[in-house]
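# Structure at a glance
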Amino acid sequence: MKPDITCRADIEKIVREFYDKVRKDELIGFFFSDVVPVNWETHLPVMCSFWENVLFYTGEYEGNPIDAHRKIHLQYPTNAAHFQRWLQLFYEIIDASFSGPNADKMKGHSLAIANVMQQKITG
Ligand code: HEM
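Scoring rules and cut-offs
Residues numbered from 1 in each chain as written. Predicted model: local features only at pLDDT ≥ 70, side-chain atom pairs only at ≥ 80, totals over all residues. Heavy atoms only, no water. Axes fitted to C-alpha atoms, helices over the stretch in contact; angles between N-to-C directions. Helix = DSSP H or I, 4+ residues; strand = E, 2+ residues; numbered from the N terminus. Parallel < 35°, antiparallel > 145°, perpendicular 65-115°, else oblique. Left-handed = near helix turned anticlockwise from the far one by under 90°. Contact = heavy atoms within 4.5 Å. Nonpolar A, V, L, I, M, F, W, Y, C, P; charged D, E, K, R; others polar. Donors = N, O, S within 2.8 Å, 3.2 Å for Na, K, Ca; no water. Core = buried A, V, L, I, M, F, W, Y, C linked by side-chain atoms within 4.5 Å. Buried < 20%, exposed > 50% of the residue type's maximum accessible area, 1.4 Å probe, protein only. Near = heavy atom within 4 Å. Polar contact = N/O pair within 3.5 Å; in protein donor to acceptor, adjacent residues only side chain to side chain. Arc of directions from axis to C-beta.

## Here we look at the packing of helix α2 (residues 40-56) against helix α5 (residues 101-122)
- Between α2 and α5, the least distance of the axes is 10 Å, while the angle of their chain directions is 115°. Here α5 runs roughly perpendicular to α2, going by the angle between their axes. Considering the relative orientation of α2 and α5, their crossing is right-handed. Residues Phe50, Trp51, Val54, Leu55 and Phe56 of α2 lie in contact with α5, whose contacting residues are Asn102, Lys105, Met106, His109, Ser110 and Ile113.
- Classifying every residue of the contact of α2 with α5 by side-chain character gives seven nonpolar, three polar and one charged.

Right, here's the structure in full:
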C-alpha cells in the first residue's frame, strides 16, 4: 500500500517529477521551453503553493491559472490531446508514489480544472 500525500514535501516530489517528465515529452514539452521559456526556480514553488492550497487550504496561491493558460493558448493553441497528455503524465506520477483520498483529490481536481480551462479557452 502506498502512502497518501500529507505535506508540502510530498507535493514538491510530485511537482518536481511531473515537470521532469513534461519537459521531455514530445507532445507538450515545447510549451515549457519554446512557447513560454519557463523559469523553473519560480514556476515550481508556484505550482507547489497551488496544489498545497487545493489539498490543505493554505490560501497561499494567488494566481489565475485560466488567464495564464489563455495567454499561452494565444501564443500557441492548446488542444484536447495536449490536455490529455498533461493529465496522463500527472496521474502516472501521482500513482507511482501515492494513493489515498488526497491523491484522488489531486487527480480529480486536475481533471476538473483541465475541463474548465479547455471550455474557457477554446469556447
Ligand atoms: C495543455 C496542457 C497544459 C500546458 C501546455 C500548460 C502549460 C503551462 C505553462 C507554459 C505555464 C506557465 C509557466 C510560467 O509562467 O512560467 C503554466 C502555468 C500553470 N499551469 Fe499549466 N499547462 C497545462 C495544463 C494545466 C492544467 C490541467 C493545470 C491544472 C491544475 C495547470 C495548472 C497551472 C498553474 C496553476 C500554473 C501557474 C499559473 C500562475 O502563474 O499562477 N496547467 N502552465
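## Some words on the coordination of the iron atom of the ligand
- Just one protein atom donates to the iron atom of the ligand; it is His69 (NE2), sitting 2.0 Å from the metal.
- As for its position among the elements, His69 is in helix α3 (residues 65-75).

## Considerations on the nonpolar core
- In terms of nonpolar packing, the biggest core is built from 35 residues, with Ile5, Ile14, Tyr19, Trp51 and Met106 touching the most fellow members.
- Put simply, the parts of the chain that give this core at least two residues each are α1 (8-24), α2, α3, α4 (80-97) and α5.
- By residue number, the principal contributor to this core is α2, which donates seven residues.
- When sequence neighbours within four positions are dropped, the list of residues in contact with Ile14 reads Ile5, Phe90, Ile93, Ile94, Phe98 and Met106.

## Quick look at the site of the ligand
- Within the structure, the ligand sits among 20 residues, and Phe32, Tyr61, His69, Ile72 and Trp86 are positioned closest to it.
- Tyr61 places a polar side-chain atom, nitrogen or oxygen, 2.5 Å from an oxygen atom of the ligand.
- Within the side chain of His69, an N or O atom sits 2.8 Å from a nitrogen atom of the ligand.
- Elements that contribute at least two residues to the shell around the ligand include exactly α2, α3, α4 and α5.
- Residues that form the shell around the ligand fall into these classes: 16 nonpolar, four polar and no charged.

## Concerning α3
- Within α3, burial applies to Pro65, Ile66, Ile72 and His73. Looking straight down α3, one finds that the buried residues subtend no more than 120° of arc, so they occupy a single side. α3 presents Lys71, Leu74 and Gln75 as exposed residues on the side facing more than 90 degrees away from its buried surface.
- Looking at where α3 begins, the residue whose side-chain oxygen comes 3.2 Å from the main-chain nitrogen of Ile66 is Asn64.

## Brief notes about the side chain of Glu52
- Position of Glu52 among the secondary structure elements: in helix α2.
- Residues in contact with Glu52, not counting those within four places in the same chain, are Arg8, Ile11, Tyr57, Thr58 and Glu60.

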